[in-house]
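Here's the letter readout for the chains.
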Amino acid sequence: MKKKLPARKKKPAAAKALPLKTLHPDFARVVKAFAGERDVTPPHEGRVFGFRGLKTGGKIFAMMSSKQHFIVKLPKDRVAALVAERKGTYFDPGHGRLMKEWLEMKGHERLWLGLSKEARDFVRDGAKRKK
């Protein structure tokens, strides 16, 4: 009699990237700019804070809110400076607690790509420091 082998576990399917046409047009341009970077994952089905965004090393660095506001993770002092310049506000994920390393912007689309690159570097370098 042959002994039954345990069933193989299937690998989870890779998350499917969202089509650019489903994203805010200005955010789609940002996503497209990162398309050639191996360490950047485009927005996909999964969500962070209920939103979809760009990731590096499994950590999110830029996203769009359901209200179509652009959100990026930056150093506290950089966020404070941008808030002081009235370019954005501290991000509130809905708990009434402002997040000091997250900037939420309504408008200022011309800044999104540059801030996304800053955010990617900040998140990527933070992950390296923790190792």
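Definitions and cut-offs
- Residue numbers here run from 1 along each chain, matching the order of that chain's written sequence.
- Per-residue local features are limited, in this predicted model, to residues with pLDDT of at least 70; the limit for side-chain atom pairs, both in listing and counting, is 80 or more; totals at the level of whole chains, interfaces and linings are taken over all residues.
- In computing side-chain properties, one takes all heavy atoms of the structure into account and sets aside hydrogens as well as water.
- Where helices and strands are cited, they refer to DSSP runs of H or I of at least four residues and of E of at least two residues respectively, numbered from the N terminus.
- Buried residues are those whose accessible area, probed at 1.4 Å on protein chains only, stays under 20% of the maximum for their type, while exposed residues exceed 50% and partly exposed ones sit between those limits.
- Whenever two N or O atoms come within 3.5 Å, that pair is a polar contact, provided that in protein one can donate a hydrogen and the other can accept it, and provided that, for residues adjacent in sequence, both atoms are side-chain atoms.
- Should any heavy atoms of two residues lie within 4.5 Å, those residues are counted as being in contact.
- Take the buried Ala, Val, Leu, Ile, Met, Phe, Trp, Tyr and Cys residues and link them wherever side-chain atoms come within 4.5 Å; each set so joined is a nonpolar core.
- For every residue, the predictor reports its confidence as pLDDT, a number between 0 and 100.
- Two rings from Phe, Tyr or Trp (for Trp, the six-membered ring) form a pair when their centres sit within 6.5 Å of each other. Planes less than 30 degrees apart are called stacked, planes more than 60 degrees apart edge-to-face, and all others tilted.
- By the criterion adopted, a ring carries a charge over it if an Arg CZ or a Lys NZ lies within 6 Å of its centre and within 35 degrees of its normal.

Enquirer: What exactly am I supposed to notice about the side chain of His69 here?
Expert: Within the secondary structure, His69 is located in the loop between β3 (59–64) and β4 (70–73). With a relative accessible area of 16%, His69 lands in the buried category. In this structure the side chain of His69 is engaged in a polar contact, spanning 2.8 Å, whose partner is the side chain of Glu104. With near-sequence residues (within four places) excluded, His69 lies in contact with Met63, Met64, Glu104, Met105 and Lys106.

Enquirer: For this particular structure, what's the right way to read the environment of Pro42?
Expert: For Pro42, the location among the structural elements is in the loop between β1 (40–41) and β2 (52–56). Judged by its relative accessible area of 32%, Pro42 is partly exposed. Between the C-alpha atom of Pro42 and that of Thr56, which follows or precedes it by 14 residues, the distance is 9.2 Å.

Enquirer: Before we go on, may I ask you to explain the nonpolar core in this structure?
Expert: Soluble, globular proteins show a tendency: their nonpolar side chains are buried together. Residues Phe27, Leu54, Phe61, Phe70 and Val72 are the most contacted members of the largest nonpolar core, which totals 23 residues. Of all the secondary-structure elements, those providing two or more residues to this core are α1 (25–33), β3, β4, α2 (76–84), β6 (99–105) and α3 (112–130). Element by element, the count of residues in this core is highest for α3, at 5 residues. Ignoring any residue separated from it by four or fewer positions in sequence, one finds Phe70 in contact with Phe27, Ala62, Met63, Met64, Leu103, Glu104, Met105, Trp112 and Ser116. One finds Ile60, Ile71, Phe91 and Met99 within the second-largest nonpolar core, a separate group that totals 6 residues.

Enquirer: Hey, could you run me through the confidence of the model for the protein in this one?
Expert: As a note on interpretation, predicted positions should not be read in detail where pLDDT is low. For the protein, the mean per-residue pLDDT works out to 82, and 73% of the residues sit at or above 70. When pLDDT is averaged over each helix and strand of the protein, the minimum, 86, is found for α3 and the maximum, 97, for α2. Low pLDDT, under 50, characterises residues 10–15; the stretch is placed with 1 contact to residues that sit more than four places away or in other chains.

Enquirer: I would appreciate a short explanation of the packing of aromatic side chains in the present structure.
Expert: In this description, an aromatic ring pair is defined by two values, namely the gap between the centres and the angle between the planes. Throughout the structure, instances matching the rule amount to 4 aromatic pairs. With a centroid separation of 4.6 Å and 15° between ring planes, the pair formed by Phe70 and Trp112 is classed as stacked. Of the two residues, Phe70 sits in strand β4 while Trp112 sits in helix α3, which places them 42 residues apart along the sequence. There is no split in this pair, since Phe70 and Trp112 are both buried. Site record: aromatic cluster; members linked through ring pairs are Phe27, Phe70 and Trp112. Over the face of the ring belonging to Tyr90 we find Lys100, whose NZ or CZ atom lies 5.5 Å from the ring centre.

Enquirer: Is there a simple way to explain the environment of Phe70 in this structure?
Expert: Phe70 sits in the buried class, given a relative accessible area of 0%. The spatial distance from the C-alpha of Phe70 to the C-alpha of Trp112 is 7.6 Å, given a sequence separation of 42 residues.

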